[in-house]
Amino acid sequence: MSTLAVVLAVTAGSLAFRLVPLLGLVAVPERAARVARGAGVAAMTAMVVRGVLEHRDPGVPGAGWIAVAAVAVGLAAAIRGRSLSVVLLWGLASYGVLASAVRLLT
Amino acid sequence: MSSIDNVVERRSPLADGARATLPALVAYVPFGLLVGAHVATSPDPLVAWLGTFTIYGGAAQLALLDVLAAGGSLLAAAVTALLLQARLAVYAAALAPDWRAAPLRGRLLAAVTLTDVPWAMSQGRAGQTGDVASRRRFYLGAALTLWAAWPVFVTAGMLGGTVLARQPVAGLVAPLLFGALVAPSLRERRGAVPALAAAATAVVTAPWSSGSAVLLASAVGAVAAAAVNRSPR
């Protein structure tokens, strides 16, 4: 019952977040839309940073720094215009190689 | 007209959007499995699973289940999940000008399927084509593909796909995915400045809950975006 109440509340809120601007229930001028685009990029950037900061790998000393390096490699590939698949492959492979190297050296 | 021209003419933005989303689906697999594993251990797995369709936000669904599993109150679970979902209002506001003249059912479909990846992909597409109808179809192709695939991943996670999801490296898939989607914006000042402001905010607010930290970073990014849009260059 408690799960149902929370799921219903979050469903209603999520629908409102999605529907209100797109159904035109509030007017969104072009200038506000440009600011919203910047805020959207900011939200996704924050999720990237938090994802890296929250990374844990008990078997690897310094896993946090390896995660930073791996995501930096992926981002560098993305900024150079590589495809999503290549970005994922380079980022994950970098983590695998670096983590294995650290495990061997420690 | 040559056969190559014919093929180019026939390329559908809807199919382009669906195709562009396929690599992102691979990235969503471990995340979907992880959410599914949490759904399976919920006291009410059926309701938690239905939330996959109705909430349609993996991070919010995961946060909600985690707070409840840790003995948190209903209010704390709802607020945490809603703070995470609040970014959808920002995405919807950014999409609104493109959908203003669309039929109601199209706007409803766009809203119900709105989440991070289709939004970011449609913003990337906006830089490539000035045709609004084409951009809308591209967005729907991307959004509907993810909307169809996401419940499959969560359901697979419920049925026992947790081994892959619990690999430490799987936790890096989401940052890499979102990073790849945001990266094209970083080449321009009006994308780079909000992103840098948000990154600094995310570091400073690291001890906070995800929902409040992402919401604050988004607000700081909005202020930075407004400042950049106001400045002469």
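Residues numbered from 1 in each chain as written. Chains lettered and ligands numbered in written order. Predicted model: local features only at pLDDT ≥ 70, side-chain atom pairs only at ≥ 80, totals over all residues.

### Some points on the interface of chain A and chain B
Next up, step 1: Each partner contributes residues to the interface: chain A has 63 residues there, and chain B has 87 residues.
Next up, step 2: Listing elements by their share of the side of chain A that touches chain B, those giving two or more residues are helix H1 (2–22), helix H2 (30–53), helix H3 (63–79) and helix H4 (84–105) of chain A.
Next up, step 3: With 24 residues, H2(A) is the single largest residue contributor to the side of chain A that touches chain B.
Next up, step 4: Split by residue class, the side of chain A that touches chain B holds 39 nonpolar, 16 polar and eight charged. (Contact = placed C-beta atoms within 7 Å. Helix = DSSP H or I, 4+ residues; strand = E, 2+ residues; numbered from the N terminus. Nonpolar A, V, L, I, M, F, W, Y, C, P; charged D, E, K, R; others polar.)

### Remarks on the packing of H1(A) against helix H7 (residues 104–112) of chain B
Next up, step 1: At a minimum axis distance of 9 Å, the contact between H1(A) and H7(B) shows a crossing angle of 145°. Like other packed secondary-structure pairs, H1(A) and H7(B) cross with a definite hand, here right-handed. Together, Arg18(A), Leu19(A) and Leu22(A) of H1(A) and Arg107(B), Ala110(B), Ala111(B) and Val112(B) of H7(B) make up the contact between the two elements.
Next up, step 2: Partitioned by chemical class, the residues of the contact of H1(A) with H7(B) number five nonpolar, no polar and two charged. (Axes fitted to C-alpha atoms, helices over the stretch in contact; angles between N-to-C directions. Left-handed = near helix turned anticlockwise from the far one by under 90°.)

### A few points about the environment of His38(B)
All names here are of chain B.
Next up, step 1: Residue placement: histidine 38 occurs in helix H2 (residues 13–40).
Next up, step 2: Residues histidine 38 and leucine 62, 24 residues apart in the sequence, show an inter-C-alpha distance of 7.0 Å.
Next up, step 3: Beyond its immediate sequence surroundings of up to four residues, histidine 38 is in contact with Leu62, Leu65 and Asp66.

### Digging into helix H8 (residues 116–126) of chain B
Next up, step 1: Of all the 11 residues making up H8(B), nine are buried; the element is thus mostly covered by neighbouring parts of the structure.
Next up, step 2: Turning to H8(B), the residues buried within the fold contact H2 of chain A together with H2, helix H6 (87–99), helix H9 (132–158) and helix H11 (173–182) of chain B. (Buried ≥ 20, exposed ≤ 12 C-beta atoms within 10 Å, placed from the backbone.)

### Section: helix H4 (residues 58–69) of chain B
Next up, step 1: Spanning 12 residues, H4(B) covers 16 Å between terminal C-alpha atoms, matching the ideal 16 Å at 1.5 Å per step.
Next up, step 2: Extensive coverage of H4(B) is indicated by the burial of nine of its 12 residues.
Next up, step 3: Within the sequence span of H4(B), burial applies to Gly58(B), Ala59(B), Ala60(B), Gln61(B), Ala63(B), Leu64(B), Leu65(B), Val67(B) and Leu68(B).
Next up, step 4: Of the surrounding elements, those touching the buried residues of H4(B) are H1 of chain A together with H2, helix H3 (45–54), helix H5 (74–85) and helix H13 (210–230) of chain B.
Next up, step 5: Positive phi appears at Gly71(B), one or two residues downstream of H4(B), with a value of about 85°. (Expected span 1.5 Å × (residues − 1).)

### Describing the domain arrangement of chain A
Next up, step 1: Each assigned domain of chain A is listed with its residue range as follows: domain 1 (1–39) and domain 2 (55–106).
Next up, step 2: The centre of domain 1 of chain A, based on its C-alpha atoms, is set 34 Å off from the matching centre of domain 2 of chain A. (Domains from an automatic or database assignment.)

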